Amino acid sequence: MKFMLSLFILIFVSLSFYSSSFITTFDSSLREQVLALRTEWLNEMVLAITHLGDAKVLAGLCLIGAIVLIIMKQIRNSLLLIGSILVSYGLNLLVKSMFQRERPQDYRLLEEDGYSFPSGNAMVGTSFYLFAAVLLYQRYQKRWILVTGAILPFLLGLSRVYVGVHYPSDILAGFALGIVLVIILTKLTDKRRKQVESVNRNNTNRAV
C-alpha cells in the first residue's frame, strides 16, 4: 500500500514538470493521435462520455450512493464516499491554482474555463468511480466491479483529450492524484472492516 502511494505521488511530481521537452513532446504526439480519431459519430459518443465527469452527474451519483450506504448502516463508508468527491475537488482547485497551466486553445469540441493541470474530471472521476467500485468489491467480491471502476475514469480522461480541453499529462496527473486519494480512503475502510471483524470474533468467542 505504501509502495503504491509513493509510486503515484512520484508519477504526479514527474508530470508536474510539464514544460520539459520530454513531456511537451509526449503531450503533442499523443494529443495529435487522439484528435486524429475524430469522426462525427464518435464525437457524439465521446461528448456523452465526458459528461460522466460533470459536477451535477457526480454529485447525483454520490448522493444516491451515500443514501444507500446509510440505509445499509454503513455511515462511515457513506461519509468516505462523499469525501471522495469533496476532498478531490478541493485539492484539485488548490493544485490548479499552484501550477496555473493554461488549457489547449485549439481543436475544441466544447468550451471549458479554469486551469488545465491536473484534470479535474480525471482526478475527481477517478476518486469517485474507483472508490465506489472498491466499496462494492468489498461487499460482493466480483473482479469485474473493480475493472469497471477503472475503465470509467480511463474513458473519462481520454474523452477530455479528445474534446480538446486537456493535455495528456493533465489527465495522467489527475489519475495519479485520484488514485492516491482512493488508496487513502480504502485504507480507512480496511481499518474499519478489520475493527468490525475483530469485534465479531470476540463476540463469537464469548458466546462459545
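Being a predicted model, the structure only gives us computed values, none of them experimental. (Residues numbered from 1 in each chain as written. Predicted model: local features only at pLDDT ≥ 70, side-chain atom pairs only at ≥ 80, totals over all residues. Heavy atoms only, no water.)

## Some thoughts on the overall build of the chain
For step 1, the next point in the chain: Helices and strands together make up the secondary structure of the chain, namely 8 helices and 0 strands.
For step 2, the next point in the chain: What you see in the chain, going N to C, is helices and strands ordered as α-α-α-α-α-α-α-α.
For step 3, the next point in the chain: Taking all 208 residues of the chain together, the buried fraction comes to 41%.
For step 4, the next point in the chain: For the chain, the proportion of contacts with a sequence separation of at least 24, taken over those separated by at least 6, is 77%.
For step 5, the next point in the chain: Total accessible area computed for the chain in this model is approximately 12100 Å², and 67% of it derives from carbon and sulfur atoms.
For step 6, the next point in the chain: For the chain, the distance from the average position of its 21 positive side-chain charges to the average position of its 13 negative side-chain charges is 20 Å. (Helix = DSSP H or I, 4+ residues; strand = E, 2+ residues; numbered from the N terminus. Buried < 20%, exposed > 50% of the residue type's maximum accessible area, 1.4 Å probe, protein only. Contact = heavy atoms within 4.5 Å. Areas by Shrake-Rupley, 256 points an atom, 1.4 Å probe, with all protein chains shown as cover. Lys, Arg positive; Asp, Glu negative; His and termini not counted. Charge placed at Lys NZ, Arg CZ, Asp CG, Glu CD.)

## Some remarks on the pattern of salt bridges
For step 1, the next point in the chain: Scanning the entire structure with this criterion turns up 5 salt bridges.
For step 2, the next point in the chain: Glu111 is the salt-bridge partner of Arg108, the closest N and O atoms lying 3.1 Å from each other.
For step 3, the next point in the chain: The exposure class of Glu111 is exposed, given its relative accessible area of 65%.
For step 4, the next point in the chain: Notably, a salt bridge pairs Glu112 with Arg160, separated by 3.0 Å at the nearest N-O pair. (Salt bridge = Lys/Arg side-chain N within 4 Å of Asp/Glu carboxyl O.)

## Quick notes on the packing of aromatic side chains
For step 1, the next point in the chain: Inspection of every chain in the model, using the stated rule, returns 6 aromatic pairs.
For step 2, the next point in the chain: Here the aromatic rings of Phe99 and Phe117 are separated by 5.1 Å at their centres, their planes lie at 75°, and the arrangement is edge-to-face. Here Phe117 lies in the loop between α5 (75-99) and α6 (120-140) and Phe99 lies in helix α5, a separation of 18 residues in the sequence.
For step 3, the next point in the chain: Looking at Phe99, the relative accessible area reads 26%, which means it is partly exposed.
For step 4, the next point in the chain: Judged by relative accessible area, Phe117 falls into the buried class, the value being 0%.
For step 5, the next point in the chain: Each residue in the set Phe12, Tyr18, Phe99 and Phe117 is aromatic and connected to the rest through ring pairs, giving one cluster.
For step 6, the next point in the chain: In this structure, Arg38 is placed above the aromatic ring of Tyr162, and the distance from its NZ or CZ to the ring centre is 5.7 Å. (Phe/Tyr/Trp six-rings, centres within 6.5 Å; stacked < 30°, edge-to-face > 60°. Lys NZ or Arg CZ within 6 Å of the ring centre and 35° of its normal.)

## Overview of α5
For step 1, the next point in the chain: With 25 residues, α5 extends 36 Å from end C-alpha to end C-alpha; this agrees with the ideal 36 Å at 1.5 Å per step.
For step 2, the next point in the chain: At Gly83, α5 shows its strongest bend, of approximately 30°.
For step 3, the next point in the chain: Those residues of α5 not exposed but buried are Asn77, Ser78, Leu80, Leu81, Gly83, Ser84, Ile85, Ser88, Asn92, Val95 and Lys96.
For step 4, the next point in the chain: Phi turns positive one or two residues past the end of α5, at Gln100, with a value near 50°. (Expected span 1.5 Å × (residues − 1). Bend = angle between axes of the 7 residues up to and from the residue.)

## Here we look at the nonpolar core
For step 1, the next point in the chain: In this structure, Leu58, Leu81, Ile85, Phe128 and Phe131 are the most contacted members of the largest nonpolar core, which totals 16 residues.
For step 2, the next point in the chain: Where this core is concerned, the elements lending two or more residues are α4 (55-71), α5, α6 and α8 (168-207).
For step 3, the next point in the chain: Setting aside chain neighbours within four positions, we find Phe131 in contact with Leu80, Leu81, Ser84, Thr126, Val182, Leu185, Thr186 and Thr189. (Core = buried A, V, L, I, M, F, W, Y, C linked by side-chain atoms within 4.5 Å.)

## Quick look at the environment of Glu112
For step 1, the next point in the chain: Its place among the elements puts Glu112 in the loop between α5 and α6.
For step 2, the next point in the chain: When its relative accessible area of 28% is taken as the criterion, Glu112 is described as partly exposed.
For step 3, the next point in the chain: Along the sequence, Glu112 and Gly164 sit 52 residues apart, while their C-alpha atoms lie 9.6 Å from each other.
For step 4, the next point in the chain: Not counting the four nearest positions on each side in its chain, Glu112 is found in contact with Arg103, Arg160 and Val165.
For step 5, the next point in the chain: For Glu112, the side chain forms a polar contact with the side chain of Arg160, separated by 3.0 Å. (Polar contact = N/O pair within 3.5 Å; in protein donor to acceptor, adjacent residues only side chain to side chain.)

## Overview of the packing of α5 against α6
For step 1, the next point in the chain: Direction vectors running N to C along α5 and α6 enclose 165°, while the axes themselves pass 9 Å from each other. With respect to each other, α5 and α6 are oriented roughly antiparallel. Handedness of the crossing formed by α5 with α6: right-handed. Residues Asn77, Leu80, Leu81, Ser84, Ile85, Ser88, Tyr89, Leu91, Asn92 and Lys96 of α5 lie in contact with α6, whose contacting residues are Gly120, Met123, Val124, Ser127, Phe128, Phe131, Ala132 and Leu135.
For step 2, the next point in the chain: Taken together, the residues that form the contact of α5 with α6 break down as 11 nonpolar, 6 polar and 1 charged. (Axes fitted to C-alpha atoms, helices over the stretch in contact; angles between N-to-C directions. Parallel < 35°, antiparallel > 145°, perpendicular 65-115°, else oblique. Left-handed = near helix turned anticlockwise from the far one by under 90°. Nonpolar A, V, L, I, M, F, W, Y, C, P; charged D, E, K, R; others polar.)

No statement about biological role is implied by the geometric values presented.
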